[in-house]
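An overview of the molecular structure
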Amino acid sequence: MRGSDINYTAVGNETPQRQIYLSTYQIARMPVTNAQYNVFVDATGHRTPEHWHGKEIPSGKANHPVVNVSWHDAMAFCTWAGVRLPSEAEWEKAARGTDGHIYPWGNQSPDVKRCNFNRNVCDTTAVGSYPAGVSPYGVMDMAGNVWEWVHDWYQSDYYSVSPDSNPQGPATGICRVMRGGSWFNLDYYVRSANRDYNHPGSWHYDLGFRCVRSP
């Protein structure tokens, strides 16, 4: 089930709620970490995130999700690694399962045992730190910690015109979709159906990504 019920939690860009069908894919259990991104940087000479002073991972954050990466940076990593960014639909299914849970763990409100949100930590946390917040597919950190780039262009009414099978987003656009909310956001933003967007050349202190591959 994708999207929100207009009579419950919906905002305009999450409707209509409906069943869609996706081909088999495999999604990373965790967002890409600083350590993983550093291997890519060493191998390719790609730019480091701006907060890596001296081009070094910040102390104690090797296993935290990489942030301050643009959509283009995320795409470059995926190309190098032989994987890709998830579609928006793939990301949402991995986050909430087929029953349309509000959050990865179900419909209960977020708390400090389930995810890093609402400035409870005021920073990123190591990936996999919230096992109580795991999704139905065993995927971690789908709510809070960092926003995650996905492949799709953003279009506010895309759900009303998208195909029922393997939607890939609009053909063109200005901004790319990001999902999941971050450590900075209130519980509304860490809902699995929440959609937001940013310019693909932008990077932010709470924006990272994860990868998928097709079997």
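One can find the structure itself at the top, above this paragraph.
Keep in mind that what you see is a predicted model, and the values were worked out from it rather than measured. (Residues numbered from 1 in each chain as written. Predicted model: local features only at pLDDT ≥ 70, side-chain atom pairs only at ≥ 80, totals over all residues. Heavy atoms only, no water.)

**A word on the nonpolar core**
Counting 18 residues, the largest nonpolar core has Val32, Tyr37, Val66, Phe77 and Phe209 as its most contacted members. Residue assignment for this core shows that the elements contributing at least two residues are helix H1 (34–44), helix H2 (71–81), strand S2 (147–153) and strand S5 (207–209). Broken down by element, this core gets its largest block of residues, four residues, from H2. Ignoring any residue separated from it by four or fewer positions in sequence, one finds Val32 in contact with Tyr37, His64, Pro65, Val66, Phe77, Phe209, Arg210 and Cys211. If you look at the next biggest cluster of nonpolar residues, it comprises 14 residues, including Ile20, Tyr25, Ala94 and Ala95. (Core = buried A, V, L, I, M, F, W, Y, C linked by side-chain atoms within 4.5 Å. Buried < 20%, exposed > 50% of the residue type's maximum accessible area, 1.4 Å probe, protein only. Helix = DSSP H or I, 4+ residues; strand = E, 2+ residues; numbered from the N terminus. Contact = heavy atoms within 4.5 Å.)

**Here's the deal with the pattern of salt bridges**
Counting across every chain of the model gives eleven salt bridges. For Glu92, the salt bridge is made with Arg96, and the minimal N-O distance between the two is 2.6 Å. Of this pair, Glu92 and Arg96 are both found in helix H3 (residues 88–96), four residues apart, which corresponds to roughly one turn of the helix. A single burial state applies to Glu92 and to Arg96, both of which are buried. (Salt bridge = Lys/Arg side-chain N within 4 Å of Asp/Glu carboxyl O.)

**A closer look at unusual backbone geometry**
In this structure, the amide linkage connecting Thr15 to the following residue, Pro16, adopts the cis form with an omega of 0°. Along the chain, Pro16 falls in the segment before strand S1 (26–27). For Arg119, which is not a glycine, the phi torsion comes out positive at approximately 60°. A positive phi angle, close to 65°, is found at Cys122, a residue other than glycine. Mapped onto the elements of the fold, Cys122 is located in the loop between H3 and S2.

**Points about the side chain of Asn145**
Note on placement: Asn145 falls in the loop between H3 and S2. A polar contact of 2.9 Å, which involves the side chain of Asn145, links it to the backbone nitrogen of Thr125. A polar contact is formed between the side chain of Asn145 and the side chain of Asp141, at a distance of 3.3 Å. Apart from the residues within four sequence positions on either side, Asn145 is in contact with Pro65, Asn116, Thr124, Thr125, Ala126, Gly181, Ser182 and Trp183. (Polar contact = N/O pair within 3.5 Å; in protein donor to acceptor, adjacent residues only side chain to side chain.)

**Overview of H1**
Three or more residues of H1 are buried, namely Asn34, Tyr37, Phe40 and Val41. Within H1, the buried residues cover an arc of 120° as seen down the axis, which keeps them to one side. Exposed and facing more than 90 degrees away from the buried side of H1 are Asp42 and Ala43. Summarising the contacts, the buried residues of H1 are in contact with H2 and S5. Immediately downstream of H1, the backbone of Gly45 shows phi near 75°, a positive value. (Arc of directions from axis to C-beta.)

**Remarks on the environment of Gly144**
Topologically, Gly144 is positioned in the loop between H3 and S2. Overall, Gly144 belongs to the buried group, its relative accessible area being 0%. Between the alpha carbons of Gly144 and Asp206 there is a distance of 9.4 Å; along the sequence they are 62 residues apart. In this structure Gly144 touches Asn116, Gly180, Gly181, Ser182, Trp183 and Val190, once residues within four positions along its chain are discounted.

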